[in-house]
Structure formats: C-alpha cells, structure tokens
Amino acid sequence: MNKKIVIKTLEKIALYLELQGENPFKVSAFRKAANALELDERSLSEIDDITKLKGIGKGTAAVINELIETGESSQLKELEDAVPKGLIPLLKLPGLGGKKLAKLYSELGIDSAESLRAACEAKEIQKLAGFGPKSEEKILKELEQLGNRSERLPIWYLQQIVIDIEELLKTIPEVQKFSVAGSFRRVNEMSKDIDFIVATEQPEKIKEQLLEELSVKEVVAAGDTKISVVLDIEDVVNVDFRLVSLAEFATALHHFTGSKDHNVRMRQLAKEQGKKISEYGVEQPDGTVLTFDSEEQFFAHFNLPFIPPTVRESGKELERLDELNNLVTLEAIVSDLHMHTTWSDGAHTVKEMGEALIKRGYTHGVITDHSQYLKVANGLTPERLEKQRLEIYSFNEAHPNFRLFAGTEMDILPNATLDFEDDVLKELDFVIASIHSSFSQPQEKIMERLYTAIQNPYVHMIAHPTGRIIGQRDGYNPDIPQLIKWAAQFGKILELNASPYRLDLCIEHLMMAMEYNVPIAINTDAHAIEQLLFMEIGTKYAQKAWVKKDLVVNTWSVKQFETFIQQNK
DNA sequence: GCCGTTTTCGGCCCGACTGTTTTCAGTCG
C-alpha cells in the first residue's frame, strides 16, 4: 500500500466528517494523522507500530491497517454512502463550512451546486435558523464565481503585486511600519492570498486610503483591525491587511506569517510555560501581556534563536535548531555562476554585468551565454565564444580584486549530443549544460541526454534540471533521483535556478541532493542586471529545503571554486 | 479521534468578522 493513498484516504475521511457537521476536533484528528504520516520520512513498511506516531491512535490506525490489508477503508465507504459527493466542492464557497452544509443537506436535501442554487432562488435558505436573506444572497453570488476564482497563484505573479502594495504603503504617512506576511513571506511557490501587517495609530485612515488606492473588486471584510479585499489585476487576488499598534507589530507579524503548524507548535511551547501567544503579544502566567520590538526578541523570550520564516512549516523546525546556523543566507553568497549578456539574449554587456556583480559585493562570477543551437537566443558559435573570452579577460585586468570566469550555458541537443565539441569546452573555465528543446521526449531519451552531459569531463553543472515553470509547465520530467546519483558519482553540481519562474530544483529534490552531498549552485540566470536580485529568493527557497551552506557552491571563495572547476579538466 | 503521571475526562491555538441574533455560532486564517 502506497503511503500517499493512505494520506489521501485519511484526508478524505476528514472532509466527509466535516460535511456531516462532526466535532471539529475529530475532523482535525484525521487531518493530523494524515499530517503525521506525511512528515515521517519512512515508508509504510518501515514503520512497525503505527500508533507510536504522535497523532495516530486506535481509530486512525485501524483505518490505516485496514487499507494496508484490504486496500480499502470501510469507514470511508460508509461515509461516501451517507454523504453526497456533490457537497465537497461546496466547501470551497466562502462562508459555508461543514456545519452549514450539513444543515442544508439534512433540512433541504441540498447535495450539489445546482440544488443549492435552486433553493436560493426559491428563497428556501433564509427560512432556516442561522441563515437569513443576506446569507442567501451571498451564496448565490459565490455560486456564480465558483470555478472562476483561481485557487493558488505562483510566486512570480504575486511578487509584482507585493512590490506595488509596498510602494503604496510607503506613501501613506499614517503607516509606521509594515511587512508582507503569510506564505509569500515564507517563500512558498504558490499562495492563496497575500497578507500584510501594518502598524498604525490611525487604522481608519489606512482603511480609507487602501480602499481608495487599490483596484478593489470586492471588499470581503473591513473591520477595525482587518481589511480583506479582492483585487482585480490580471487574475483576481485576495489581499488581507491587519492593522495593529506598533507594539503589537512583531507578534502580529509572527502570527500571520505562520505557518499554521508552526504557530500551533509555538503555542504548545508557550502553554507548557504557562504562557499564551496571540497576535497581540505573549500573555504571562500573571496575566500581563508582553510585546516585542522584533521577531528575534519574540523567539528569544522562549529561549529560541531566530527561526527564519522560510523554515516555519511543519513545527518540526523547533527540533532542528542546531541546523539553523548551517542554513545558506544571502550574506554568505559571494558569486553568481549563471548569467547572460548582450552576446546572446541578455540586456547588458559583459562589463555592465561584471560591475553589477562587484556592486553586489561578490568576489567572482561566471558569464554563461547560450550556445549556437539556440538560434532564437542568438547563441554563440565557438568563434564568438572565443572573442567573448578575450573581453572577459580584459575585464579582469581592469578589475584586479574581482574575477570573472568565462563559461557557457551549452544546450544538450535532442539527439543526446552536446552543442560544443570537447576541444571547445576545454578552453572554458566553467561549463553549464541544459535542456531547452524537445521537452516531450520519453523519459529514457531525456535521461540519455542528461547522462551524455553529466558524464562529460568538461561539464561542471546541469542547470534548471527539470525545466519547470511554476504553475505553468512541468518541464521534461527527468528521473531526478537518478540524476542526483549521477551528480554524486561524477562529482558534478546541480543548479537551484533562482528565477521565481523556475525555482528548479524544487524543495523535495534539493533535500534528496543533500542526502547525497551533491553540491548546489544557486544561480539567478539573470538576463539583465535587475535580475541579479533573484539571488535573495533563491537563497530563501534553498532554506526551505534546509540546504547546507557548505554545499552551496556560491558561498565558496574564488580559490575553492577554482580548485573545484580545475578538477574537471 | 488523540492525548496525558499534576489528567482516563476534558481539553484540543486563538481571535476577528459576519450575520444571525439579542448573546452567539459558524467560518476563517
């Protein structure tokens, strides 16, 4: 029995129980059990006594064991018989939860979007206790939008909106301090909405200005401390603003940064000490409420080091405190090993890119323009590559305290050959190989291409190994565990491409690479100077996978880097 | 449903907002 199926089944049971209006704690017990399984690294067969896992007891273990033995769950079957499937999508309607849907089903027999709409139109809903004309109206309105509303939006799309809102907040004089929070601050690939914390003494003024200045499609809530709006940009985006006092800012920021599981863990910890955490501060055993100047101080109050937002996920981060010091940070980065110039499809010259790297405080970098196969990107022939190399070396002469290396981002061709001969490659300092074509080949062919590249003695790194674009395309579906093993075998680097469109390798694969001690290079793949900023998102993303600083090639000194690349010659 | 030696029962993170009420339940994050 596959673990994923067990997890899915437990979650499904939770969903159906919720639709029956069951005790919310019982519902969440099934979700917790699913979560406990997910967080445990072992496969099902490796776990001898499942009830030893925290969160799995007699009831949920019975479900799991039945699944293992028979492949089915009788409890789920019973639930499926008792609760119509059509109710499940209705849980997505804002304002309708399990209890209300259970009531609609038991009193009016509502079991689908269609019957719900009919009941609204017949004005049956408002007759029920707990419902009224407004609920009915709202349900009708939400039904119209069901399916239209985008579920989760990718980080590269939300980033621009966040920047725009930040610019707006800077112009409002009554704003004392602000920060984005939520999953965006934790650098999740996708987020359902954007959260902002704003410190102010005049919430009503802020509310006024925000509602006026933003392109608001719909106001979901507008209270004294919380404003929730739907913005109408290309896609509709939910944005929540929490208005707090300056004193409350740090705890509010922590609270609304989450994750939910992290907060639960923190609150348990507080409770063990007789304290109580809320967004407004930490209530002491004697009832007084402490506030903090920063999140650092908040954590210090619980004798914890600062836990970066990026790793605040499952709550397990509280057991990995000694690893926090080994996390890669932006400050530790001294190089960028993948960028383009006007020689191929970049916007800036070698000199401009080099100087931008110096300005960022780096000690070295590699220019890696596309190779000849990529005609649309003006890829370089061996002849042009040689000319470019001279330009790079003359840049180095003019900048003695910085080192620019000559490289290439060479295409791995559809027929599993490389775009340059070995005698061209051996002249280069650093060789990146990557796939930009024929994504839909079968996996064996893709792996044959990658193998050709990774076993070549002159190739140092495989860039954006899967070719995915977050939320848009999956890439070329390589067998990443195999690629990681090859990287370990041949001593090659794998890239974490820091472009917010890519973030490739993904977290799961980065973790796998860590197990095999495969070095990772976090690279911006910048096609313009401004994109060198992607390094920040890249390092934060790497933190989410607990990537160790020492295994990040960009933290290595020029000397260390040179030693590494010369081994491959 | 799960958990626990200060508990085998009574908690389960906590609070805002809304729409329904006339003091609160449900939903949401």
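Residues numbered from 1 in each chain as written. Chains lettered and ligands numbered in written order. Predicted model: local features only at pLDDT ≥ 70, side-chain atom pairs only at ≥ 80, totals over all residues. Heavy atoms only, no water.

As named in an unreviewed UniProt entry, chain A is DNA-directed DNA polymerase, taken from Lysinibacillus telephonicus. Recorded under Catalytic activity (unreviewed entry), the UniProt text for chain A is reproduced unchanged: "DNA(n) + a 2'-deoxyribonucleoside 5'-triphosphate = DNA(n+1) + diphosphate". Quoted verbatim from the Cofactor (unreviewed entry) field of the UniProt record, the comment on chain A reads "Mg(2+)". (UniProt positions renumbered as here; feature names shortened; annotations may be inferred.)

Moving on, we come to the protein's contact with DNA strand B. Neighbouring DNA strand B are 43 residues; Gly55, Thr60, Gly132, Ser135 and Arg267 lie closest to it. Counting only atoms of DNA strand B within 4 Å of the protein, the fraction found in sugar and phosphate groups is 80%. Between DNA strand B and Thr60 there is a distance of 2.5 Å, counted from a phosphate oxygen to a side-chain nitrogen or oxygen. Within the backbone of Gly95, an N or O atom sits 2.9 Å from a phosphate oxygen of DNA strand B. Looking at the surface near DNA strand B, the elements that each hand over two or more residues are helix H2 (24-39), helix H3 (58-70), helix H5 (98-108), helix H7 (133-145), strand S5 (216-222), helix H12 (260-272) and strand S8 (276-278). Looking at side-chain class alone, the surface near DNA strand B contains 15 nonpolar, 14 polar and 14 charged residues. (Near = heavy atom within 4 Å. Polar contact = N/O pair within 3.5 Å; in protein donor to acceptor, adjacent residues only side chain to side chain. Helix = DSSP H or I, 4+ residues; strand = E, 2+ residues; numbered from the N terminus. Nonpolar A, V, L, I, M, F, W, Y, C, P; charged D, E, K, R; others polar.)

Along the chain, Ser112 turns up in the loop between H5 and helix H6 (113-121). Overall, Ser112 belongs to the buried group, its relative accessible area being 15%. In this structure the side chain of Ser112 is engaged in a polar contact, spanning 3.0 Å, whose partner is the side chain of Ser115. Apart from the residues within four sequence positions on either side, Ser112 is in contact with Gly86 and Leu90. (Buried < 20%, exposed > 50% of the residue type's maximum accessible area, 1.4 Å probe, protein only. Contact = heavy atoms within 4.5 Å.)

Turning our attention to the sheet that holds S5. In sheet architecture, strand pairing relies on hydrogen bonds along the backbone and comes in two forms, parallel and antiparallel. Within the open sheet, the five strands sit side by side as S2-S4-S7-S6-S5. Their pairing is mixed. The open sheet has two free edges, formed respectively by strand S2 (175-181) and S5, since each of these has just one partner strand. The mean inter-strand angle of the sheet, taken between neighbouring strand axes irrespective of direction, is 20°. Note: S2 against strand S4 (residues 193-200), six bridges, orientation antiparallel. By the bridge assignment for S4, Lys177 is matched with Ala199. (Pairing = 2+ DSSP bridges. Axes fitted to C-alpha atoms, helices over the stretch in contact; angles between N-to-C directions.)

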